[in-house]
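# Architecture and fold: a report
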Amino acid sequence: MAVDLKNADIISTLNDLDREKILYLCAKAKEMHDLEKSGRRDSLANTFKKNEETGKRARVLAYLFYEPSTRTKFRFDTAMRELGGKRDGFAGTEGTSMMKNETIRDTLMMMSANHFDAIVMRHPKDGALQWAGDIANIPVINAGDGKNEHPTQALLDLFTIYMDNNKKINNLNLGLGGDLAHGRTIKSLTFAASHSDNITIRWAADDLFGMQKDLVSLLESRGVKVIREETVEDVIRQSEYYYMTRLQFEKHDKKLSEQEIVAMMDKYRITMDKINGTNTRIMHPLPVNGKIAEIDYPVFFTKNQLFFKQAENGIFLSKALLNEILNHDEYLTFNGRLHEDLQYGNNLLTRDVRKKQKKHLAVETIENGMVIDHLKYGIFDKISQIKINGNPSVLGGNLGEDFTSNPKAIAKIKSNNLSDRIYKTIILESAGQEPTFNKIRNWDIIEKFLYLLCHNDNCITREIIEDVPPKFYNDEGTIRCRYCRQSYEIKDSKVSEKEKQRFLTELPTKVKPIKYEKLIA
Amino acid sequence: MAVDLKNADIISTLNDLDREKILYLCAKAKEMHDLEKSGRRDSLANTFKKNEETGKRARVLAYLFYEPSTRTKFRFDTAMRELGGKRDGFAGTEGTSMMKNETIRDTLMMMSANHFDAIVMRHPKDGALQWAGDIANIPVINAGDGKNEHPTQALLDLFTIYMDNNKKINNLNLGLGGDLAHGRTIKSLTFAASHSDNITIRWAADDLFGMQKDLVSLLESRGVKVIREETVEDVIRQSEYYYMTRLQFEKHDKKLSEQEIVAMMDKYRITMDKINGTNTRIMHPLPVNGKIAEIDYPVFFTKNQLFFKQAENGIFLSKALLNEILNHDEYLTFNGRLHEDLQYGNNLLTRDVRKKQKKHLAVETIENGMVIDHLKYGIFDKISQIKINGNPSVLGGNLGEDFTSNPKAIAKIKSNNLSDRIYKTIILESAGQEPTFNKIRNWDIIEKFLYLLCHNDNCITREIIEDVPPKFYNDEGTIRCRYCRQSYEIKDSKVSEKEKQRFLTELPTKVKPIKYEKLIA
Amino acid sequence: MAVDLKNADIISTLNDLDREKILYLCAKAKEMHDLEKSGRRDSLANTFKKNEETGKRARVLAYLFYEPSTRTKFRFDTAMRELGGKRDGFAGTEGTSMMKNETIRDTLMMMSANHFDAIVMRHPKDGALQWAGDIANIPVINAGDGKNEHPTQALLDLFTIYMDNNKKINNLNLGLGGDLAHGRTIKSLTFAASHSDNITIRWAADDLFGMQKDLVSLLESRGVKVIREETVEDVIRQSEYYYMTRLQFEKHDKKLSEQEIVAMMDKYRITMDKINGTNTRIMHPLPVNGKIAEIDYPVFFTKNQLFFKQAENGIFLSKALLNEILNHDEYLTFNGRLHEDLQYGNNLLTRDVRKKQKKHLAVETIENGMVIDHLKYGIFDKISQIKINGNPSVLGGNLGEDFTSNPKAIAKIKSNNLSDRIYKTIILESAGQEPTFNKIRNWDIIEKFLYLLCHNDNCITREIIEDVPPKFYNDEGTIRCRYCRQSYEIKDSKVSEKEKQRFLTELPTKVKPIKYEKLIA
């Protein structure tokens, strides 16, 4: 079998999985299912136990839930328990307050120092899981990162279809319902499905809950048909599987009250009259929101109900997944260091330095340092508070309409070795505008560049305290954030096509793991 | 031995236990005690472990603590640990917020899908544990449900008396102290004691903390003598065992401040001068409230002190109990469905339809639907907001003194298939009054009934989001809620004795488990 | 080897450890390190497991974290896991609210009843761990008590130096940075280092964060050189190891805002320019505070970085420590009683009764009871609210300048058997003044004494609800609190040197464990 998931990170269904891997995992999960249903629940109970005779090592899983979880956590708990492994970690809202001002970096290094074999983690920030995977040498499984992905939910959903659909996950008509705009589940599920052939996705929802345009176009570029219908009934009638999701209150921008949103959801609820006469299987990651009852109680007693099967299938899939990832007897030892590739980002878009500029900016004020041009008008006061080694170091000001047709701020810092924290502070204050950094030595501009910082407000790279060096990759001509995978559009019209292409050329073309591979046999 | 607790739910000491079962559990708990005290702490450590040679299965317990617990949870933790079993679950206040808007149904189905062998659960709502037992196929142990019951505490208390009293739990003089009005511990303990012969209970307390009348009359109907004394000293002097309990601040109606209640409690505190010269054993479920010190520190050093023994006896009793419940090698497999008996309640009290009424109510307004009569005056505005499939569907109004000598509201709904959520919304708005539902077809009343909803404010059936269909049973002529066990008094004077008796006859006469029995060998 | 840690409490690096024990633990921790690094991670996995053949018992650890912890808890988790032992307990902020009004006494007795072999505990109050050790018969390990000590962190820090410094922990130049005023880590580390020869400690900090005077003088009395330098650079340049610590925001008196403190810390941050050209190892208990970044990100990639090694060394040290403490096959059985030595304090400083006084105080008002003299002026109103057995029992008043040159209050209580709760209430109201208690019988003063209560605001003995009887010991002439170890200065000038010496003579000279030793083989 060519499929090898040994020590693999599972961060994204799009990047870390493919058709073969998914089908292989489904087949392995079915084996787990068959053992349970034939009275052999305990038959794998020694898999992850130490074995004196064979020399097999015990396996230990760490769980790090920065956001509350019951279902996902329990799935992995049960999987480890039934495979005879151990687990430790933290979970719940408590975790988050506990961890106030503690970086993911320090937490992940601590977990690595505690001799775990793999980590399963959930975090509210997009891209936090890719960063966790970069920090930890041991494999990391994404149990949900912000609005980004939730790959193990997607895998168990596909496995449920596989079991219900005669072991096939292609040629499917999938209906999607509920909150399609904010759920990472929808994103990971459709990415996962897009590895199969002949997938049609139908949905009907208000714009507020509707599928996001960039997700739709990415799916379409991968051959998935995405059709928006008028009514939920239209979708259900044409689908073999209708996937209903919870409202993500906590991820809405709070313009509407909970009550208003509940009222809006009323027409999307799955009731008997919507499914009567159909064979459409109703799926749901659960739990149903008791206030909304997006699935009406009588529906629970119909043959259409497939969501409780999903719950158990999650166990089988998690067992299969862990069994593949940890299927080896060496271990990765902790070496007490961060990988050197993590020190710097790759986000400086170098611009050409023209003679004229050299003079203009440099001569006026500083011999050595950094001149930051094209800052947003009015923000100089904030930039001026930046200190270098505790000392005020910023000169400059806001240039209004008296001075220029394009009002802007300009800042001059008496240091040409700015930290990522300072770059990010400046960019975040710039609110979308892209200032130009001019490095000055001996009154001359020796370098000129943009500092690209992902535009996704929820991206982990924008969290200053986390110290994540911004990295991008070249996704077939699109600049994409290594962490949250969102595309980066250069807004600064002064950047030439040549400059942009040069930057793209220097980027890696894929998201490759950053790991020390130090196996001890 | 005729005692069989295999896969038994333990929800109530009154319904799920009897004299033989209690004595049997005490004898088994004593065996656990004797092992510990003779240096054989580890001797049962393989009981719940997988055994390759015998084919014995591993055993796993789920704990679900929706309310904080330390003692009860630790007892079961230790019991499972010492029997070699495993456990997983959630605990603490965190749990409750985490579970916001998640139904017990979904949580219990998830736990069932996670291959546990039994569940121990605590929940703030009365009757939540019976509902949990109905949902789960696996056995459920009540670790406290609201103000209702706490059977395992009662069992360990009786076991403590058994050990101290020469292996006997009859012919006892029990004193009760502390907060007798709000504690589930008192209820379960006295129910449990009522299975024994010749039990006398004495107590002395302000009315605010006093024993509830219905509890006293239920105990008296079972042969227990219940005597209210003037002073705590009177009670202690005449009791072999004095059972002191914590104040249940959180269950009081908050009319008194914590400070006032603490002051009131002062005269009930167990101090040296109250016990001097007696052999009365002082019991307490612990912990003592440090602010009140309802047991004074010097009392801890007397021979009367029995409460720390209770703490350890809880371990022995929990071990014995789990060992009996899980004493089999088959397992209950999860089938992904709710039991069909859970779809509907049995709470429609059918009334006779008289010809005259038919015309009167029906003709005026609707061809098909539901006419709701005798609604509380003034609530029509709220009822009118109910929507059927998202559409306004309610006609009617409030009828004041101009129209009728008994002002009331009347509502007409253009649907004769109301959901339990709508019935409950109407009943809860009616605040104790019992509206009459008239089902109309072709302008005729074809059915007429009351929808009985338990009157206990804290009953799980009144929580709309939980979707619990109301069920009752006929307890020797009393209509009693299947869930919280509170009796239901029909207030509507128009219900005839014949109608009431017909309803009673159709009810089951006992609370029988609802379970799929699907054992896999 | 003479070192014996079997069943030892580890509360303080000063009192419970010595040079031999520390070196022995380092050597044992190195063995744990070597197993991990040579591919034998699992080789001790059966150490704490039941063994049928040898009759070896399983070992179980309880963890009680009243304050949040991740690192310390995980260290012990991993240690137990890798030694094959089990653990149960509670952790987190949740714990604290859960435990509202529950005494440490009741919690520790419960844990003892649950058959654990040892307890690791963290608590916000100074001295709570010594009290926990007194209550529990099983050994107790201090994982941090208030501002007092954190011995296992100190041990792992010394072990890290041991490993980095060619197995030596003497002749060291240690630099200390960060918040030296509030951290228990600093206290335990310097105490631990003070067992070694030729230790020099250097530090530079604002007074707000500076080393406490009494700590410095205690270290100097033990032969440690403590030098305050001008700048952090001065310290780093002269140290082999620079130990940086977090700011203890939560322990500051909140006069400064978080923002102000962050700004103040700026000049103490470890940045590249501070360590460039040095070999000084940078240590830190972790996590770094992400907002302050007291260690700058580039420093993480230098050869100076030693803090991630500390993280893993904590595992090895915890394994070694637990292995020594639990290295026996008997067990301590729970006997359901508090040790009799815990009933009373030893804090009554008896004063001589002179004839004249006898008359003066006694005759005026009461035949039998307690006269409390030299109370702080103005507090009589509060004292008068004290009730004995629910009854008002206090006479007296405030004596102003009209009556006396030293205004004071005086109280007369009609009981001469006051509880510790009442004594403490009076002392706490006295706010540092030391009232004199005169016991009256038949109009005569038969005893006269001060009730000494530790002056440390955060000491566990001052928490009324905890019922800790105050105890002191004679530390070479200094009266020192048994619990928080702070010295007690008698302020009352009327206490004669003879009276003080008599009191000192009656005190024990050391902090000796209070334990029932009841081993079952």
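Structure: above.
These lines cover the structure that appears in this document, whether it is placed above or below. (Residues numbered from 1 in each chain as written. Chains lettered and ligands numbered in written order. Predicted model: local features only at pLDDT ≥ 70, side-chain atom pairs only at ≥ 80, totals over all residues. Heavy atoms only, no water.)

### So, the relation of the copies chain A and chain C
The two copies are related by a screw operation: chain A maps onto chain C through 120 degrees of rotation and 0.0 Å of translation along the axis, at an RMSD of 0.0 Å. This pairing of chains is accounted for by a three-fold axis. Of the residues that chain A buries at the interface, just 2% are likewise interface residues in chain C, meaning the two copies contact each other through different surfaces. (Least-squares fit on C-alpha atoms with pLDDT ≥ 70 in both. Contact = heavy atoms within 4.5 Å.)

### Describing the sheet that holds strand E9 (residues 281-283) of chain A
To summarise the sheet geometry, strands pair through backbone hydrogen bonds and adopt either a parallel or an antiparallel arrangement. All names here are of chain A. The strand order across the open sheet built from five strands is E7-E6-E5-E8-E9, with neighbouring strands paired in parallel fashion. Strands at the two margins of the open sheet, each flanked by one partner only, are strand E7 (225-228) and E9. The mean angle between the axes of side-by-side strands here comes to 25 degrees, regardless of whether they run parallel or antiparallel. Pairing of strand E5 (residues 172-177) with strand E6 (residues 199-203) involves five bridges; the strand directions are parallel. Paired with Gly175 across the bridge in E6 is Arg202. (Pairing = 2+ DSSP bridges. Helix = DSSP H or I, 4+ residues; strand = E, 2+ residues; numbered from the N terminus. Axes fitted to C-alpha atoms, helices over the stretch in contact; angles between N-to-C directions.)

### Description of the sheet that holds strand E17 (residues 436-441) of chain A
Residue and element names in this part refer to chain A. Sheet architecture is open: six strands sit in the order E11-E18-E17-E12-E16-E15, paired in antiparallel fashion. Among the strands making up the open sheet, the edge pair consists of strand E11 (348-350) and strand E15 (394-399). Ignoring strand direction, the axes of neighbouring strands in this sheet form an average angle of 25 degrees. Across three bridges, E11 lies against strand E18 (residues 444-451) in antiparallel orientation. For Thr350, the partnering residue across the bridge sits in E18 and is Phe449.

### Some details on the packing of helix H4 (residues 104-113) of chain C against helix H5 (residues 128-135) of chain C
Residue and element names in this part refer to chain C. Axis separation between H4 and H5 bottoms out at 9 Å; the angle between their running directions is 45 degrees. Put simply, H4 runs oblique to H5. You can see that H4 and H5 cross each other, and the crossing is right-handed. Touching Ile104, Arg105, Leu108 and Met109 of H4 are Ala128, Trp131, Ala132 and Ile135, all from H5. (Parallel < 35°, antiparallel > 145°, perpendicular 65-115°, else oblique. Left-handed = near helix turned anticlockwise from the far one by under 90°.)

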